[in-house]
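What follows is each chain in one-letter form.
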Amino acid sequence: MIRDAYVIAAKDLRIELRSRTALSQLAPFVVLVAVLFGFALNADRTVLTEAASGLYWITVLFAAVLAIGRSFSIEVDDSVIDMLRLSDLEPPSIFAGKAAALAVQLVAIQLILIAAVVILYDARIEDPLLFIAAAVAATVGVAAAGTLYGVLVAGLRMRETLLPILLLPVLAPVLISATRAFDDALGNAAVNGWSWCGLLAALAVFYGVFGGWAFGALMEESR
Amino acid sequence: MTQELTEVSNPGETTGSSATLWLGAVILIGLVILGWLSFVVTEADIELEDTVRIMYVHVPVAIMGYAMFTICGIGSAMVLWKGSQWWDHVAGAAGEIGVVFGSLTLATGMIWGRPTWGTYWEWGDVRLVTALMLVLLYVGYLSLRSTTGVTGEPSRAAAVVGLLSVCMIPVVSRSVEWWDDRTLHQEATVTKLDPDIDGLMLFTLVFGIVIFMLIGAWLLIHRFRVAHLETELELYGVALAVEQRIAETTDVEAALSVAGNDRKDES
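These notes cover the structure that comes with them. (Residues numbered from 1 in each chain as written. Chains lettered and ligands numbered in written order. Predicted model: local features only at pLDDT ≥ 70, side-chain atom pairs only at ≥ 80, totals over all residues. Heavy atoms only, no water.)

**Structural notes on the overall build of chain A**
Here's step 1: Helix and strand content of chain A: 9 helices and 0 strands.
Here's step 2: Taken from N to C terminus, the helices and strands of chain A fall in the order α-α-α-α-α-α-α-α-α.
Here's step 3: Taking 2.2 N^0.38 as the reference for a compact globule, 223 residues should give roughly 17 Å; the C-alpha atoms of chain A span a radius of gyration of 17 Å, in line with that estimate.
Here's step 4: Principal-axis analysis of the C-alpha atoms places the extent of chain A at approximately 55 × 35 × 30 Å.
Here's step 5: Counting over 223 residues, chain A shows a buried share of 50%. (Helix = DSSP H or I, 4+ residues; strand = E, 2+ residues; numbered from the N terminus. Rg over C-alpha atoms; globule rule 2.2 N^0.38 Å. Buried < 20%, exposed > 50% of the residue type's maximum accessible area, 1.4 Å probe, protein only.)

**Looking at the packing of helix H3 (residues 18–41) of chain B against helix H9 (residues 199–266) of chain B**
All names here are of chain B.
Here's step 1: One can describe the packing of H3 onto H9 by two numbers: an axis separation of 9 Å at closest approach and a directional angle of 150°. As judged from the angle between their axes, H3 and H9 are roughly antiparallel. Here the hand of the crossing between H3 and H9 comes out left-handed.
Here's step 2: Tallied by class, the residues present in the contact of H3 with H9 amount to 17 nonpolar, 7 polar and 1 charged. (Axes fitted to C-alpha atoms, helices over the stretch in contact; angles between N-to-C directions. Parallel < 35°, antiparallel > 145°, perpendicular 65-115°, else oblique. Left-handed = near helix turned anticlockwise from the far one by under 90°. Nonpolar A, V, L, I, M, F, W, Y, C, P; charged D, E, K, R; others polar.)

**A few points about unusual backbone geometry**
Generally, phi is negative for residues other than glycine and the peptide bonds are trans, each holding for most cases.
Residues and elements named next belong to chain A.
Here's step 1: In this model, Asp122 sits at a positive phi of 60°, which is unusual for a non-glycine residue.
Here's step 2: Along the chain, Asp122 turns up in the loop between helix H6 (91–120) and helix H7 (128–153).
Here's step 3: For Asp122, a relative accessible area of 27% puts it in the partly exposed group.

**Here we look at the environment of Leu80 of chain B**
Here's step 1: Looking at the element boundaries, Leu80 of chain B is found in helix H4 (residues 55–82).
Here's step 2: Taking the C-alpha atoms as reference points, Leu80 of chain B and Leu200 of chain B, separated by 120 residues in sequence, lie 45 Å from one another.

**Here we look at the environment of Leu61 of chain A**
Residue and element names in this part refer to chain A.
Here's step 1: Tracing the backbone shows Leu61 in helix H4 (residues 52–77).
Here's step 2: Separated by 114 residues in sequence, Leu61 and Leu175 place their C-alpha atoms 8.2 Å apart.
Here's step 3: Apart from the residues within four sequence positions on either side, Leu61 is in contact with Val142, Leu168, Leu171 and Leu175. (Contact = heavy atoms within 4.5 Å.)

**Remarks on the side chain of Ser73 of chain A**
Residue and element names in this part refer to chain A.
Here's step 1: By the element assignment, Ser73 lies in helix H4.
Here's step 2: Take Ser73: its relative accessible area is 16%, and that puts it in the buried class.
Here's step 3: Within the structure, the side chain of Ser73 is placed 3.1 Å from the backbone oxygen of Arg70, a separation counted as a polar contact. (Polar contact = N/O pair within 3.5 Å; in protein donor to acceptor, adjacent residues only side chain to side chain.)

**Description of the pattern of salt bridges**
Close approach of charged atoms allows side chains with opposite charge to pair.
Here's step 1: Overall, the coordinates contain 12 salt bridges over all chains when judged by the stated rule.
Here's step 2: The closest approach of N and O atoms between Glu96 of chain B and Arg223 of chain B, which form a salt bridge, is 2.7 Å. Of this pair, Glu96 of chain B sits in helix H5 (residues 85–117) while Arg223 of chain B sits in helix H9, placing them 127 residues apart in sequence.
Here's step 3: Under the relative-accessibility criterion, Glu96 of chain B is labelled partly exposed at 31%.
Here's step 4: Residue Arg223 of chain B is classed as partly exposed on the basis of its relative accessible area of 22%.
Here's step 5: Connected through shared salt-bridge partners, Lys11, Asp12, Glu75 and Lys98 of chain A make up one network. (Salt bridge = Lys/Arg side-chain N within 4 Å of Asp/Glu carboxyl O.)

**Structural notes on the packing of aromatic side chains**
Here's step 1: Applying the stated rule across the entire model yields 17 aromatic pairs over all chains.
Here's step 2: Summarising the aromatic geometry, the rings of Phe69 of chain B and Tyr138 of chain B are spaced 3.9 Å apart at their centres and angled 15° between planes, so their arrangement reads as stacked. Of the two residues, Phe69 of chain B is situated in helix H4 and Tyr138 of chain B in helix H6 (residues 126–147); the sequence distance between them amounts to 69 residues. For the pair Phe69 of chain B and Tyr138 of chain B, a shared accessibility class is recorded, and that class is buried.
Here's step 3: Plain terms: the ring middles of Tyr138 of chain B and Tyr141 of chain B are 6.0 Å apart, the flat faces sit at 70° to each other, and that makes the pair edge-to-face. Remark: Tyr141 of chain B and Tyr138 of chain B occur in helix H6; sequence separation between them is 3 residues, near one turn of the helix.
Here's step 4: One aromatic cluster is present, formed by Tyr56, Trp57, Phe131 and Phe182 of chain A through successive ring pairs.
Here's step 5: Over the face of the ring belonging to Phe72 of chain A we find Lys98 of chain A, whose NZ or CZ atom lies 5.0 Å from the ring centre. (Phe/Tyr/Trp six-rings, centres within 6.5 Å; stacked < 30°, edge-to-face > 60°. Lys NZ or Arg CZ within 6 Å of the ring centre and 35° of its normal.)

**Re H6 of chain A**
Here's step 1: Taking 1.5 Å of rise per residue, the 30 residues of H6 of chain A would be expected to cover 44 Å, and the 42 Å separating its terminal C-alpha atoms lies within 8% of that figure.
Here's step 2: Just downstream of H6 of chain A, Asp122 of chain A is the residue with a positive phi angle, here 60°. (Expected span 1.5 Å × (residues − 1).)

**Here's the deal with the nonpolar core**
Here's step 1: Counting 111 residues, the largest nonpolar core has Leu148, Tyr149 and Leu152 of chain A together with Tyr138 and Leu144 of chain B as its most contacted members.
Here's step 2: The greatest single-element share of this core, amounting to 15 residues, is contributed by H7 of chain A.
Here's step 3: Apart from the residues lying within four places of it in its own chain, the contact partners of Tyr138 of chain B are Phe69, Cys72, Val99, Gly162, Ser165 and Val166 of chain B.
Here's step 4: In terms of nonpolar packing, the next biggest core, distinct from the first, is built from 6 residues, Val52, Met55, Tyr56 and Met201 of chain B among them. (Core = buried A, V, L, I, M, F, W, Y, C linked by side-chain atoms within 4.5 Å.)

Structure, rendered in structure tokens:
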């Protein structure tokens with residue numbers, strides 16, 4: 001299963017490396033959103049510093065929606081998903097591979113976003129270990145739920161508009177938990193960030209297990 | 001055939017039955033009694049004053065919202081397990097009615113919140129926020145249902161979303177206990193063995209729950225029948241189109257055959 005997941009993840013990442021969509025479009029996008037939040041909040045540094053955690057994760061979710069749409073459009077446009085269905089790869093392996101590739105892209109985007117938040121919002125990372133643990137757990141959760149909902153809407157005509165309507169409410173618990181954990185890591189609020197990080201890990205496991213289970217049935221339906 | 005099509009598509013004759021007619025009559029009488037109990041018989045609360053009367057609608061619609069979303073979840077699980085079209089109709093109907101009840105819950109809660117809490121919306125109240133998220137999840141579910149599905153086949157994509165969304169119900173219903181420091185809602189009063197509520201008020205509340213259960217059942221039956229008829233109509237339309245294409249092909253073949261015979265006769 002791990003080998004099959006690796007094959008799928010490598011395929012997706014190779015396509016992204018060659019097309020450079022993540023780097024050439026999503027990276028400027030997250031920086032642009034971070035700047036626009038600054039304009040929207042009247043460029044008030046105190047407010048931006050206090051709201052940095054929430055703004056960070058909202059930006060990640062927006063970028064994730066675009067990345068997920070891209071991840072499945074490459075499968076549907078050239079009927080690659082039919083080839084995947086005909087291959088002897090197990091659906092949970094395909095799910096794991098696509099989720100892993102998506103997680104890697106989200107991590108790459110977040111590296112740029114972290115720099116933007118530190119520079120533009122004057123955010124200070126006071127607990128780097130918690131910051132990294134929360135970011136990794138939340139990214140895995142977003143990638144797992146995103147992959148599940150990505151295949152769910154893959155074959156539909158209105159997938160671009162349906163995906164955010166379906167995905168964002170499901171990711172609300174991830175957004176809340178990640179924001180609270182980051183609040184602690186950035187020293188913005190006196191909360192127990194590690195307990196929120198634990199919730200993020202539980203959500204990641206839940207979305208991962210549910211996604212692995214449901215992916216096969218959904219792949220059959222996405223034509 | 002056109003007459004059959006008209007009969008199939010006439011909801012006035014086919015979604016109602018004598019049982020649903022009687023059920024509807026009982027509901028109407030029950031609503032009148034509920035209004036009388038709520039506004040005339042029961043007295044105002046010592047603390048909440050007259051605003052307490054909205055609870056006789058708010059609590060029943062909230063319970064029915066949970067019930068409908070749960071039925072939607074069960075229907076979705078059955079679709080994934082058995083691939084049943086019947087359960088797909090049940091899930092879709094329950095999801096729609098659940099969104100209506102869920103929205104009514106939010107609306108009545110906000111109307112009550114303004115004079116009681118001094119605001120329509122309180123971000124600090126975890127139940128309010130989670131209830132909104134629940135309704136939004138099912139709005140997404142309905143959007144998905146409106147775009148998916150092959151005629152006569154249940155939608156597994158919608159079933160997965162329905163099953164995943166149902167996981168939110170315990171979070172909403174137990175949120176008052178789990179985050180008791182982050183809510184303005186009170187803990188359960190009716191479901192306890194010794195309810196903290198006056199006898200007549202309790203009776204009115206339970207009566208309201210029964211009436212709204214009947215409303216939920218009535219709506220579910222009718223919406224299920226509409227969904228079933230929609231599918232029947234679509235399948236009938238497909239069958240009709242296939243029949244017409246076959247008839248056209250047969251006509252063309254017959255015409256070619258006649259033309260061929262004429263040519264032979266001429267030669």
